[in-house]
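# Coordinate inspection notes
Letter by letter, the chains look like this.
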Amino acid sequence: MKILIAGAGEIGFELSRVLSEEKHDVTVMDKDKDCLKRVTDNLDVLAVEGSATSPLTLVEAGVKNSDIMIAVTSVDEVNIIASMMAKRLGVKSVIARVRNNEFSQEDSPITPSELGIDVLIHPEMSAAREIHQLIKRASASDIVSLADGHIQLIGMRIEKNSTIVGKTLNDFANEFNDFSFRVVAISRRGSTIVPRGSNRIMALDQVFIMCKTENLKELITAAGHQDAEIHRIMIAGGTQVGHILARMLSKDQQKWEIKLIEPDPDLAESLANELRNVMVLNGNPTDPDLLAVEGIQEMDAFISVTDDEESNLISCLMAKHMEVRKTLSLVSKSQYIPLSQTIGLDAVVNVKAAASDEIHRQIRQGNLLSVKALQGINAEIIEVIAGNQCKVLDTPIHSMKLPEGMLIGGILNNGSSEIATGNTVIKKGDRVIIFATPQAITKVEDIFR
Amino acid sequence: MIESFKMGVRRPRIDIKLVAGILGGLIFFLGVALLLPMIIALIYDESSWSAFLITASASIIAGAALFFAFKPSEELRMREAFLIVTFTWFLGSLIGAFPFILSGTLELYTDAVFETMSGLSTTGATILGGETANGIQNPAIEDLDKSLLFWRSLSHWLGGMGIIVLTLALLPLLGIGGMELFQAEYSGSTSDKITPRIQETAKLLWGIYFGMTIIQAFLLWMHPSMDWFEAINHAFSTLATGGFSTQNASIEAFDSAYIDLVITVFMFLAGINFAMHFRLFSGKFDSFFKNSEIKFYSILTLVFITIVSLTLYITDNYSFGNALQYGSFQVVSILTSTGFGTDDYTLWSYFGSSLLFLLFFTGGCAGSTGGGIKMIRILIILKNIGREFKQILHPQAVLPIRVGERVIDQSILRTILGFFVTYLIIFGIGALGMSMLGYDFLSSAGASIASLGNIGPAWGVFGPVDNYAQVPIAGKWLLLILMLIGRLELFTVLVIFTPWFWKN
């Protein structure tokens, strides 16, 4: 597919990387030379220098023959204008990042389609939503809702004192055979293992397990975690993500006790005025005195979402040191993600990855329903409908010959979900949830077509 | 206006001609209003008609002369607005006092001005029925001509009308005492010119004021012990939260639970922002019942009615029905700054009367005809106190004060706190002044707050069954100035006496 990306910033770079690795024909445009240089130095993409609001540059970048244009510059207005022009110039589909979500409201005087935008993405919103999910499940580092919410994929860290340490997956499954679950991946010291029954679980492993939504609590207990409720939450940073998150939390029915720390006095005031049930503190999130006065020891969760990644990590470390049960950090440098697990952060959320997930969902067509990348693990979750030419219809899973790095996690058949076991059989029209490494992803469509 | 620019005329900092012209117009209308009691005098065949005719025609002629001499056409500015508002009430009292003198009812001009100011400021304190310091016996209320009784009630009603427009249309534009806070509650013209806005607002709100007066008068007239004259008088007095009655014994004279109930309900309604009544009548029930000030006002009223009634029932040996009837009437009467009485609260047990003393400081909602500090200010002050405590425990927290969904701006909060402190200082000065004239602490403090809060009856020798006749002339002027200051939200009057008002 021919893809044109406007904006070579953090998100633009991440998208170019992912999409070019998937063998798409990517062109990146940006008016900043340095940003472009970083793209061309590292990635196999075509770069065009110039503003995304210039029709000439757009044509030069090949907008007329492109299938998709993705506008992800840092300015809403530029993205909107670029989208309008690209649509007029004949691009088939336009995805734009617009942070101002007034356009997607129902009473908006102008709809995104009138602006030439087919899909609006809001990565900060997605990141906030992800954090929101993670807070609700205190012991999870990742949580992905699959098959219309019937199946959950949960990522958990196995603590040293957990009873399942040292057991093989077969033993683990036999021990808790009153409900079905499937371990789909293990991340150990930065490398990803797609496990078989004989693999052993080790302390400090990050395991990814799929189960039915109703069994989630039992599963968490089985893995040696107490899924204790979270009440007191401290958010460091009134950034976009922090703001949206605080707003989501304050609209929850649940009785949270939320504190938000923002160093900028004006921003702090406007947040305090808007967020009724949130106590906004004006101060530095890494200031130990402030954290002590505001009772960080009593917090159940500490979420650091400032723009400064390093200080996010540091303040989360401080929180961890104060024995806050759950620490969550916004990290976008991929190099930091394995590190965050080593130093004991409970979860990291990545705005760039959130954006690339959103865009992937739009790009992958055909039978593929959704795709979700997991943090710190080199694999993705794919939902696909088994089509007419599916090569594995009516065959039990244990006798399928699936390629290396691909695993079937669950099936949704006419609204009833099932966690895959060796005897599970796929029928035509079933929704199949697949766990696959990048090498295997390209084969998925081939097999299930 | 363009012409005056052409002629190169520069307006002085305070355009006295404009002030005089507009005041002329207002005096003209006062003269027209004075014709109404004259009609009453003619109906009842009373000799006082001539007193009203003389005052009315003099006002009409003088007012028209002033108005046409200066033909006010310039845009009203802030300083002129302050002068006009203050002088409207002050001149109105000076002029409205004449019928009392000309008809031979009162001998002292001071007494007549006191009575009229008490009327126009919707206070309801009277000098009738007592002996003055100079040994003059003022007539009892029942002995007055019906025309003069009507004039007393009418002065309340006109004062109430004036105050609604003042608080909802003019003061918000002048930024007095945090009044801009209530501006948003009313959605009328968005014109930023003062005059068209006031006119439009006035028409709507007076319609409601007028309608509610008619309804109450009708409900009162339904009771056999009230004729149409008394019904109208009491309706005027209630809607303006004034307190003048046609009876010396106030509402107690009728001794009817029905009348007590009607008046209690209408006093309560008169204590609500008339802009909110407008919303209610235009079908916006939600914004009426969700209004924080109305909620606070209702809860405060209910809490005080409950505690006071229980106190009367338990410690004062009232029957349960009487406790509720008298308790609720007195509470609402004082809370809304009306000052009607059906019971002498100075004779209640200490706890009951102390509770009532607290209510002398509250007043109704902003934009109502009630006086006092006003509910919204008290609500915000209480919330601010709560915030101070929270701030001690969370030194770095940003804690906005919210009223409903609205965040109160720091500058408004500062104005309101300033208002509160100034209110207490003036109350203190008034109380000191009265004690200099030889009154005991409770009477002095009571008279001061009852005048400043536009309530009327006070404590000690000025209780609900007493009157202000005995106060020396200096004291009467002190109290009537307090009424004026309190009625016009303090700063409107006080700002005129600051040097900055006259300098650039």
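These numbers come from a predicted model, not from an experiment.

## What to know about the overall build of chain A
Each helix and strand counted, chain A has 14 helices and 22 strands in total. Taken against the 2.2 N^0.38 rule, which gives 22 Å for 449 residues, the C-alpha radius of gyration of chain A at 23 Å falls within 12% of a compact globule. The principal-axis extents of the C-alpha atoms in chain A amount to approximately 65 × 65 × 45 Å. Burial statistics for chain A: of 449 residues in total, 46% are counted as buried. In chain A, of all internal contacts separated by at least 6 residues, the share reaching a separation of at least 24 is 63%.

## A word on the environment of Asp76 of chain A
Residues and elements named next belong to chain A. Secondary-structure assignment places Asp76 in helix 4 (residues 76–88). C-beta crowding within 10 Å serves as the criterion here: with 15 such atoms nearby, Asp76 is assigned to the partly exposed category. For the pair Asp76 and Arg99, spaced 23 residues apart in sequence, the C-alpha to C-alpha distance is 6.5 Å.

## Concerning the packing of helix 5 (residues 123–136) of chain A against helix 8 (residues 240–251) of chain A
Residues and elements named next belong to chain A. Put simply, helix 5 and helix 8 touch, their axes get as near as 8 Å, and they point 50° apart. On the basis of their axis angle, the class for helix 5 and helix 8 is oblique. Considering the relative orientation of helix 5 and helix 8, their crossing is right-handed. Packed against helix 5, whose contacting residues are Glu124, Met125, Ala127, Ala128, Ile131 and His132, the element helix 8 presents Gln240, Val241, Ile244, Leu245, Met248 and Leu249 at the interface. Split into classes, the residues belonging to the contact of helix 5 with helix 8 amount to nine nonpolar, two polar and one charged.

## A look at the sheet that holds strand 13 (residues 257–262) of chain A
Pairing is mixed in the open sheet, where seven strands are placed in the order 17(A)-16(A)-15(A)-12(A)-13(A)-14(A)-1(B). Taken across any chain shown, the strands that pair with only one partner, and hence form the sheet edges, are strand 17 (347–349) of chain A together with strand 1 (397–398) of chain B. The sheet contact formed by strand 15 (residues 301–304) of chain A and strand 16 (residues 326–330) of chain A spans four bridges and is parallel. Each residue of the ladder has a partner; that of Phe302 of chain A, found in strand 16 of chain A, is Thr327 of chain A. Lying over the sheet, helix 8 of chain A contacts strand 12 (232–236), strand 13, strand 14 (278–282), strand 15 and strand 16 of chain A, oriented at roughly 165° with respect to strand 13 of chain A. In the packing of helix 9 (residues 265–274) of chain A onto the sheet, the strands contacted are strand 13 and strand 14 of chain A together with strand 1 of chain B, and the crossing angle to strand 14 of chain A comes to about 170°.

## Quick look at the pairing of strand 3 (residues 46–49) of chain A
Residues and elements named next belong to chain A. Relative to strand 3, strand 2 (residues 25–30) is paired through four bridges, and the arrangement is parallel. Opposite Thr27, over in strand 3, you have Leu46 as the bridge partner. Since strand 2 and strand 3 lie parallel, the crossover through helix 2 (residues 33–42) that links them has a hand, and here it is right-handed.

## What to know about the interface of chain A and chain B
Taken together, the contact between chain A and chain B spans 12 residues of the former and eight residues of the latter. Residue classes in the side of chain A that touches chain B are distributed as seven nonpolar, three polar and two charged. Strand direction decides the pairing type here: strand 14 of chain A and strand 1 of chain B, joined by two bridges, are antiparallel. Residue Val280 of chain A lies in a different strand from strand 1 of chain B, and its bridge partner there is Val398 of chain B.

## Some words on helix 20 (residues 473–487) of chain B
Residues lying three or four places apart along an α-helix face the same way, a consequence of the helix completing one turn every 3.6 residues. Residue and element names in this part refer to chain B. The end-to-end C-alpha distance of helix 20, which contains 15 residues, comes to 21 Å, matching closely the 21 Å that a straight helix rising 1.5 Å per residue would cover. Burial of helix 20 is extensive: 11 of the 15 residues sit out of reach of the surface. Burial in helix 20 covers these residues: Gly475, Lys476, Leu478, Leu479, Leu480, Leu482, Met483, Leu484, Ile485, Gly486 and Arg487. In the stretch just after helix 20, Glu489 is the one whose phi turns positive, near 55°.

## Notes on the packing of helix 4 (residues 78–96) of chain B against helix 6 (residues 109–120) of chain B
Residue and element names in this part refer to chain B. Running from amino to carboxyl end, helix 4 crosses helix 6 at an angle of 135°, the nearest separation of the two axes being 8 Å. In this view, helix 4 runs oblique relative to helix 6, as classed from their interaxial angle. Relative to helix 6, helix 4 is oriented so that their crossing is right-handed. On helix 6, the residues touching Trp89, Gly92, Ser93, Leu94 and Gly96 of helix 4 are Val113, Thr116, Met117 and Leu120. Of the residues contributing to the contact of helix 4 with helix 6, the split by class is five nonpolar, four polar and no charged.

## Some thoughts on unusual backbone geometry
The phi torsion at Asp45 of chain B lies on the positive side, around 60°, for a residue other than glycine. Topologically, Asp45 of chain B is positioned in the loop between helix 2 (16–43) and helix 3 (49–70).

## Focus on the nonpolar core
If you look at soluble globular proteins, the nonpolar side chains tend to sit buried side by side. If you look at the biggest cluster of nonpolar residues, it comprises 143 residues, and the most contacted ones within it are Ile70 and Ile434 of chain A. Aside from chain neighbours lying at most four places away, what touches Ile434 of chain A is Ile382, Val384, Met406, Leu407, Ile408, Gly409 and Val444 of chain A. In terms of nonpolar packing, the next biggest core, distinct from the first, is built from 141 residues, Leu23, Ile95, Phe114 and Leu170 of chain B among them.

## Re the confidence of the model for chain B
For residues with low pLDDT, the predicted coordinates do not support detailed interpretation. Residues and elements named next belong to chain B. Per-residue confidence for chain B averages 88 on the pLDDT scale, and 93% of its residues sit at or above 70. Confidence drops under a pLDDT of 50 for residues 1–6, and excluding neighbours within four residues, the segment shows one contact in the predicted structure. The low-confidence segment residues 183–194 (pLDDT under 50) makes 21 contacts with residues lying over four places distant or belonging to another chain. Overall fold confidence (pTM) sits at 0.80, and the ipTM for the predicted complex is 0.73.

## Quick look at helix 1 (residues 10–21) of chain A
All names here are of chain A. End to end, helix 1 covers 17 Å across 12 residues, agreeing with the expected 16 Å (1.5 Å per residue, within 8%). Within helix 1, nine of the 12 residues are buried, which leaves it mostly tucked inside the rest of the structure. Ile11, Gly12, Phe13, Glu14, Leu15, Ser16, Val18, Leu19 and Ser20 are the residues of helix 1 that are buried. Following helix 1 by one or two positions, Lys23 has its phi on the positive side, about 70°.

## Thoughts on the pairing of strand 11 (residues 206–212) of chain A
All names here are of chain A. Within strand 11, six of the seven residues are buried, which leaves it mostly tucked inside the rest of the structure. As defined by bridge partners, strand 8 (residues 151–157) adjoins strand 11 across seven bridges and the pair is classed as antiparallel. Note that in strand 11 the partner of Ile151 across the bridge is Lys212. Here strand 9 (residues 181–188) pairs with strand 11 via six bridges, running antiparallel. Across the sheet, residue Arg182 finds its bridge partner in strand 11, namely Met210.

## Focus on the environment of Ser139 of chain A
With respect to the helices and strands, the residue Ser139 of chain A is situated in the loop between helix 5 and strand 7 (142–146). C-alpha separation for the pair Ser139 of chain A and Ile447 of chain A, spaced 308 residues apart in sequence, amounts to 35 Å.

## What to know about the sheet that holds strand 5 (residues 93–97) of chain A
Residues and elements named next belong to chain A. Read from one edge to the other, the open sheet built from six strands follows the order 3-2-1-4-5-6, with strand pairing classed as parallel. The strands lining the two open edges of the sheet, one partner per strand, are strand 3 and strand 6 (119–121). The mean angle between the axes of side-by-side strands here comes to 20°, regardless of whether they run parallel or antiparallel. When strand 5 meets strand 6, the two strands line up parallel, connected through three bridges. Among the inter-strand pairings, Ile95 is bridged to a residue of strand 6, identified as Val119. Set on the sheet, helix 1 makes contact with strand 1 (2–6), strand 2 and strand 4 (68–71); between it and strand 2 the angle comes to about 165°.

Rules and cut-offs
The residue numbering used here restarts from 1 in each chain and proceeds along that chain's sequence as written. Chains carry letters from A onward and ligands carry numbers from 1 onward, assigned in written order. In view of the model being predicted, local features appear only for residues whose pLDDT reaches at least 70, and side-chain atom pairs are presented and counted only at 80 or more, with totals across whole chains, interfaces and linings using the full set of residues. Helix and strand assignments follow DSSP, with helices taken as H or I runs no shorter than four residues and strands as E runs no shorter than two, numbered in order from the N terminus. Note that the radius of gyration is over C-alpha atoms, with the globule rule given as 2.2 Å times the number of residues to the power 0.38. Once C-beta atoms are placed from the backbone, each residue is buried if 20 or more other C-beta atoms lie within 10 Å of its own, exposed if 12 or fewer, and partly exposed for counts between those two. Remark: residues whose backbone-derived C-beta atoms lie within 7 Å of one another are considered to be in contact. Lines fitted to the C-alpha atoms define the axes, with helices restricted to the stretch that makes contact. Angles between their N-to-C directions range from 0 to 180 degrees. Geometric relationships in this document are graded by angle, where less than 35 degrees denotes roughly parallel, more than 145 denotes roughly antiparallel, 65 to 115 denotes roughly perpendicular, and other angles denote oblique. If you view the pair so one helix is near and one far, a crossing is left-handed when the near helix is turned anticlockwise from the far one by less than a right angle, and right-handed when it is turned clockwise. We call Asp, Glu, Lys and Arg charged. Ala, Val, Leu, Ile, Met, Phe, Trp, Tyr, Cys and Pro are nonpolar, and the rest, Gly among them, are polar. Strands are labelled as partners when DSSP assigns at least two bridges between them. A clockwise course of the path from the first strand over the helix to the second, judged with the strands pointing away from the viewer, identifies a crossover as right-handed. In this scheme, a helix's expected span is set at 1.5 Å multiplied by one less than its residue total. A set of buried residues qualifies as a nonpolar core if it consists of Ala, Val, Leu, Ile, Met, Phe, Trp, Tyr and Cys joined through C-beta atoms within 7 Å. Confidence of the prediction at every residue is given by pLDDT, a number between 0 and 100.

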